[in-house]
Structures are given as C-alpha cells and as structure tokens.
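Each chain, written out:
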Amino acid sequence: MARRPTGRAARSRALIHSETVSPSRLQRAREKIKFRLMENMHHPSGSPWRNLYGRFKGKTLRPAQIEVLDKDLDRLSVPNVSWDVNPDRTHLNLNELFGQKDLWLEIGFGGGEHLVHQARSNPDVGIIGCEPFLNGVAMLLQKLRETLCENVRIHPGDARHLFDVLPKASVSKAFLLYPDPWPKKRHHRRRFVTKEHLLPLFDVLKPGAILRVATDIPDYVRQTLQEVPKAGFEWLAEGPSDWRTPWQDWISTRYEKKAFREGRGAHYLTFQKPHA
C-alpha cells in the first residue's frame, strides 16, 4: 500500500492539485508566488521593489504633531521624488529649491536636532533630510517652526528614491548619524552601509564631497570601514583621535546621549569622494 505523503510533500501536492485546497489557502499560496516573482520586477508605478525595513510610525502622534504634519509637510517636502508623479525620474531642479546654495544631505535625521543645528549654523547651505519614520518627521517640523529655518527640505521616505532624482555630483556633504544598527547577523544586509545604498549615494556626491558616519556599534564600524571604501570613498583618518573625537561643529543627538548612558562609546568616521 502506497504511503500517504506528509509535511512539505503533502503541501506541494495540495498546491499542484488545487481542487483539494480551500480557496483561501490557494489564494495565499498564489500571492506568495506572485510576491516572489515580483522581487526582481517593478511596482506598477515603475518603482523598483525596494525593501525598506524598520518602523514607519511609533507612539501615537500628539495633536500638535498631527497639526504640523498637516500644515507644513507638503510645503517643506522635496517635490517630484515619488514614482507616481515622476515616473521618468527626471532630475530635480535644485535652483528652485535652494538657489545657488551648496546642497547637504542627512540620511535618517531621527528627531532632527543635528539637522536643525547645521541649518542654523550654515544659512548659506540648503539641506535635505531623509527620514521615513513619521514621528521623527513631525519632531523636525516642530523644530523648524520654532527656529524659523528656511533652508531645509524633507523627503519623508526611502533615501534611494531621492538618489534617483538628484543630479549627479550635486551634493557637497552627507551625514549618516546613528543609523539603525540591525544587530542580528542575518539582518546586516539591511544596514545602510551596503552597495545598494552607497553606490547611488557616491554618484550624487560631488568630487571632494564629505561623508560623515557616526555610530556607537563596533560591528557597524567594521562593516562601514569594509563597505564604504569598496563604493569608492577614501577614509580620511590618520590616527585614533580622528575617529574618537567629534567633529568641531558636532552637536550630540538624543541617540548618542542614550548610547553614553548605556555605556557605549561613539565612533566618528569621515570619508571623502576622491577629486576627479
């Protein structure tokens, strides 16, 4: 007598003979297959299927945060970044955003304290902040309203979509400060310091542009020093003080203060895109 298949074999047979599977189970299986097939395809809008890991929203937004998002976000957002409104990926007209000002970029601005500090200290520079976490966007908008900074624009989403539409060699300085560490080894590919992010960032930086990376995670330092030079950057350190001492215009962020409270040290890494 033939032995009835069990486990994975039974599930495979059920998928092949769909009449034996309930409609809901069959639909779920088809959706899973469809998702796998689309991993190397594109969204109907034209956007590549890019995974963006991490939270998009945290604690319940307070009424004041909701109000500032409703009134200020559209006005301060970088236009024509989404694939829906710019499917041809036409480059941004930076003169319309900031005139002739130098352009800086902060990737993952958290609560926005560093970005606002730089904007106030450098009024002759235009700064774009990228942050998909809605609570952080609301915090930055509140700070901008309080400080009356007019040289900041926001992209509340995936930085890679912004890289698509920034002109090549248009950014003079970029900041990656206390990025999500993704501590588990199987999640290291989710870190920003992978070629999926670093290569397009390299393209939009000007020759001679600076990339600053700050982190309190030793393994993030390891991966940064391994991957960032692979993308074409030069590490500018000459001695230990260069990565142990904060930059002269540095302001400690809430993430850094939390790291210090928990007994972790900070690393300040400076890279440069080589001059042409």
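In what follows, the structure referred to is the one given above.
It should be emphasised that the depicted structure is a prediction, and the values quoted were computed from it without experimental measurement.

Student: Please clarify how the packing of helix α3 (residues 63-76) against helix α6 (residues 134-147) should be interpreted in this entry.
Tutor: In a pair of packed helices, the angle between the axes and the distance between the axes together describe the arrangement. One can describe the packing of α3 onto α6 by two numbers: an axis separation of 9 Å at closest approach and a directional angle of 80 degrees. One finds that α3 runs roughly perpendicular with respect to α6. Within the contact between the two elements, α3 uses A64, Q65, E67, V68, L69, K71, D72, L73 and L76 and α6 uses L134, N135, V137, A138, M139, L141, Q142, L144 and R145. By residue class, the composition of the contact of α3 with α6 is 11 nonpolar, three polar and four charged.

Student: I'm lost on the sheet that holds strand β4 (residues 171-177) in this one. Help?
Tutor: Strand pairs in the sheet, formed through backbone hydrogen bonds, run parallel or antiparallel to each other. In spatial order, the strands read β3-β2-β1-β4-β5-β7-β6; together these seven strands make up an open sheet with mixed pairing. Only two strands of the sheet have a single neighbouring strand rather than two, namely β3 (152-155) and β6 (234-235). In the sheet, β6 pairs with strand β7 (residues 267-272) via two bridges, with the strands oriented antiparallel. When the sheet's bridge partners are listed, E234 is paired in β7 with Q272. Strands in contact with helix α9 (residues 218-230) are β4, β5 (205-215), β6 and β7; relative to β7, the strand with the most contacts, it is inclined by about 5 degrees.

Student: Would you mind showing me how to read the nonpolar core here?
Tutor: For soluble globular proteins, nonpolar side chains are generally found buried alongside one another. Grouped together as the largest cluster of nonpolar side chains are 37 residues, with contacts concentrated most on L105, L162, L166 and L201. In terms of nonpolar packing, the next biggest core, distinct from the first, is built from 28 residues, V68, F175, Y178 and W247 among them.

Student: Where do I start with the packing of helix α5 (residues 113-121) against α6 in this structure?
Tutor: Contact geometry for α5 and α6: axes closest at 9 Å, N-to-C directions at 30 degrees. The orientation of α5 with respect to α6, classified from their angle, is roughly parallel. Regarding α5 and α6, the two cross each other, and that crossing is right-handed. Contacts from E113, L115, V116 and R120 in α5 reach L140, K143, L144 and T147 in α6. The residue makeup of the contact of α5 with α6, split by class, is four nonpolar, one polar and three charged.

Student: Mind showing me how you'd approach the environment of V137 here?
Tutor: As for its placement among the helices and strands, V137 is situated in helix α6. The class for V137 is buried, based on a relative accessible area of 1%. Along the backbone, V137 and G108 are 29 residues apart, and their C-alpha atoms lie at a distance of 9.9 Å. V137 has contacts with L69, L73, F109, E131, I154 and P156, leaving out every residue within four places of it along the chain.

Student: Looking at this model, I keep getting lost on the packing of aromatic side chains. Mind explaining?
Tutor: Aromatic rings in a pair are described by how distant their centres are and how their planes are angled relative to each other. Applying the stated rule across the entire model yields six aromatic pairs. An angle of 65 degrees between the planes, with centres 5.5 Å apart, marks the rings of W247 and W250 as edge-to-face. Assigned by exposure class, W247 and W250 land together as buried. With a centroid separation of 5.8 Å and an interplanar angle of 70 degrees, the aromatic rings of W250 and Y268 are classed as edge-to-face.

Student: Which parts of the structure should I look at to understand α6?
Tutor: Residues three or four positions apart in an α-helix share a direction because the helix packs 3.6 residues into each turn. Counted at 1.5 Å a residue, the expected span for α6 with its 14 residues is 20 Å, and the 20 Å between its end C-alpha atoms agrees. By the burial criterion, the buried members of α6 are N135, G136, V137, A138, L140, L141, Q142 and L144. In this structure, the buried residues of α6 make contact with α3, α5 and β3. L148 sits one or two positions beyond α6 and adopts a positive phi of about 60 degrees.

Reading the values: rules and limits
Residues numbered from 1 in each chain as written. Predicted model: local features only at pLDDT ≥ 70, side-chain atom pairs only at ≥ 80, totals over all residues. Heavy atoms only, no water. Axes fitted to C-alpha atoms, helices over the stretch in contact; angles between N-to-C directions. Helix = DSSP H or I, 4+ residues; strand = E, 2+ residues; numbered from the N terminus. Parallel < 35°, antiparallel > 145°, perpendicular 65-115°, else oblique. Contact = heavy atoms within 4.5 Å. Nonpolar A, V, L, I, M, F, W, Y, C, P; charged D, E, K, R; others polar. Pairing = 2+ DSSP bridges. Core = buried A, V, L, I, M, F, W, Y, C linked by side-chain atoms within 4.5 Å. Buried < 20%, exposed > 50% of the residue type's maximum accessible area, 1.4 Å probe, protein only. Left-handed = near helix turned anticlockwise from the far one by under 90°. Phe/Tyr/Trp six-rings, centres within 6.5 Å; stacked < 30°, edge-to-face > 60°. Expected span 1.5 Å × (residues − 1).

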